[in-house]
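Observations on the three-dimensional arrangement
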Amino acid sequence: MRRNRHIFALFMWIGILFVVPSYAQILTAERHTPVSTDSLQVYKLSYIQVTDSGTNCIWDFSGLPIDSAEIIDVDYYAPDAASIGLHREHSNLYYHLAQDTLWQTGYETSRAHVRYLIPVPVMKFPFEYGDSLGGAAIGKGQYCHILPISTEGTYSVSADATGRLILPELTLDSALRLHSVFQYQDSKRRTAVKEERYIWYSSYCRYPLLESTRVCAVHGTDTAIAAATYYNPQEPENMPLPREEEQDIDEVLTDSLVTNIAFMPSPVYSDLHVNYSLTRAAGVYISIHYNGGTTTYQTPLRQEDEGEHTTTIHMSGLPIGSYVVYIHADDTIVSGNIIKL
């Protein structure tokens, strides 16, 4: 009986099984693979019950209590040259991107570690509404570095819904939702645990906007985990590299608060001049990100009046390469690519 409790405790601590990185309701490897240098702060919330699926859904989460929510860190790193690691609270998850597929290779908790005998394909790119994956997941490891663990189970992932997503900070008319179900049991089939997760993505964020997860015993009513996670949709690390043919982000999020944008010169050798106009007064700051990832420069937040503005950024000391410049004006974010020579 005690061994059963230990095995069940393992599953209670599994937490996140994967984070899948949507472009116009399509997930792509280029835009939605986790970046090993990213660190995000997310809000931990109460579980959100979800039932609807299909197209033209409306999800109104504008009342999420993010002001009083616990903030936790989500860190991505490179455990080795071929892997992407994810650390969140007491869990570490391991992935490997090969060609068009994101594979999960194992996970660790505060009490156990498991490696899959055959990596589990958690996402095949591109992935869009109506697509699905499924299969077996067989792993081996140790509990408390002493007791051997052998698990077997099944998983399924489907893009089951699209529609309007209303969040506390913005409204998105084109969101994609994934529904994942993982079911595990120990090798002697004495303990079975099910994780069901709903995950929403936008067309411009690398990571999810919202997750709602429930982990419970398959035979019984005990719930081990029931929680939701809200990601900041305007955190720079959550934004993929923009493409020239896409709309500016401000056209997606809100009316054109920031207009007449120009980055001069391009390419830039030393001083970059960021020109823009505001259609009303707003709080503004500018950030620069190397290759769309790590923040390399950020101006202080300042209140600016309606009209034309120019900010000069000294880039002579920055490495040669491609950068993304973000203009943050109240709840609006616009961006552009530059080359530093």
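Residues numbered from 1 in each chain as written. Predicted model: local features only at pLDDT ≥ 70, side-chain atom pairs only at ≥ 80, totals over all residues. Heavy atoms only, no water.

1. Concerning the overall build of the chain
From N to C terminus, the chain includes three helices and 23 strands. The 341 residues of the chain split such that 50% are buried. Summed over its atoms, the accessible surface of the chain is roughly 15500 Å², and 50% of this surface lies on carbon and sulfur atoms. (Helix = DSSP H or I, 4+ residues; strand = E, 2+ residues; numbered from the N terminus. Buried < 20%, exposed > 50% of the residue type's maximum accessible area, 1.4 Å probe, protein only. Areas by Shrake-Rupley, 256 points an atom, 1.4 Å probe, with all protein chains shown as cover.)

2. As for the pattern of salt bridges
Summed over the entire model, instances satisfying the criterion amount to 10 salt bridges. Two residues, R177 and D52, come together in a salt bridge whose shortest N-O distance is 3.5 Å. With a gap of 125 residues between them, R177 in strand β12 (residues 171–186) and D52 in the loop between β2 (39–46) and β3 (54–60) connect regions that are remote in the sequence. Two residues, D330 and R280, come together in a salt bridge whose shortest N-O distance is 2.8 Å. Of this pair, D330 sits in the loop between β22 (321–329) and β23 (332–340) while R280 sits in the loop between β17 (271–278) and β18 (282–290), placing them 50 residues apart in sequence. (Salt bridge = Lys/Arg side-chain N within 4 Å of Asp/Glu carboxyl O.)

3. Things to note about the nonpolar core
If you look at the biggest cluster of nonpolar residues, it comprises 34 residues, and the most contacted ones within it are L27, Y76, M123 and L178. Broken down by element, the residue count for this core peaks at six residues, all from strand β8 (residues 112–124). Of all hydrophobic cores here, the second largest spans 28 residues; its members include I48, V50, L165 and Y326. (Core = buried A, V, L, I, M, F, W, Y, C linked by side-chain atoms within 4.5 Å.)

4. As for the pairing of β8
Sheet topology places strand β7 (residues 101–108) next to β8; seven bridges connect them, and they run antiparallel. Following the sheet pairing, L102 is matched in β8 by M123. Bridge analysis of β8 against strand β10 (residues 132–143) gives five bridges, and the strand direction is antiparallel. What sits directly across from V114, in β10, is G141. (Pairing = 2+ DSSP bridges.)

5. Observations concerning the packing of aromatic side chains
In the structure shown here, the tally under the stated rule is six aromatic pairs. Seen from their ring centres, Y43 and Y230 are 5.8 Å apart, and the 40° between their planes marks the pair as tilted. Of this pair, Y43 sits in strand β2 while Y230 is found in strand β15 (residues 223–231), placing the two residues 187 residues apart along the sequence. The residues Y43 and Y230 share a single accessibility class, namely buried. Summarising the aromatic geometry, the rings of F61 and W200 are spaced 5.3 Å apart at their centres and angled 75° between planes, so their arrangement reads as edge-to-face. Here W200 lies in strand β13 (residues 192–201) and F61 lies in the loop between β3 and β4 (70–77), a separation of 139 residues in the sequence. (Phe/Tyr/Trp six-rings, centres within 6.5 Å; stacked < 30°, edge-to-face > 60°.)

6. Some points on the pairing of β7
Each regular strand displays side chains that alternate between the two surfaces of the sheet. Where strand β6 (residues 91–98) lies against β7, seven bridges are found, and the strand directions are antiparallel. Looking at β7, one finds that L93 is bridged to Y107. Where β6 hands over to β7, the hairpin turn is made up of two residues, of which Q99 adopts a positive phi near 55°.

7. Here's the deal with the side chain of N92
Relative to the assigned elements, N92 resides in strand β6. Owing to a relative accessible area of 16%, N92 belongs among the buried residues under this scheme. Residues within four places of N92 in sequence aside, it is in contact with Y77, L86, H87, Y107 and E108. (Contact = heavy atoms within 4.5 Å.)

8. Some points on the environment of A112
When you line up the elements, A112 lands in strand β8. What makes A112 buried here is its relative accessible area of 5%. Considered as a pair, A112 and C144 are 32 residues apart in the sequence and their alpha carbons are 5.6 Å apart.

9. Regarding the confidence of the model for the chain
Considering every residue of the chain, the mean pLDDT works out to 80; 83% of them sit at 70 or more. Confidence scores differ between elements of the chain, with helix α1 (residues 2–12) showing the lowest mean pLDDT of 36 and β2 the highest of 94. Counting contacts from residues 1–24, a segment whose pLDDT is below 50, to residues more than four positions away or on other chains yields 96 contacts. Low pLDDT, under 50, characterises residues 242–255; the predicted model gives this stretch 32 contacts beyond four residues in sequence or across chains. (pLDDT = per-residue confidence, 0-100.)

10. Considerations on the environment of G63
By the element assignment, G63 lies in the loop between β3 and β4. Distance from G63 to L167, taken between C-alpha atoms, is 7.7 Å for residues 104 residues apart in sequence.

11. A look at a nonpolar patch on the surface
A cluster of nonpolar side chains, Y269, I320, I339 and L341, forms an exposed patch at the surface whose accessible area comes to about 410 Å². Note on placement: L341 falls in the segment after β23. Under the relative-accessibility criterion, L341 is labelled partly exposed at 36%. (Patch = residues over 30% accessible without salt bridge, like charges linked within 9 Å, V, L, I, M, F, W, Y side chains within 5 Å.)

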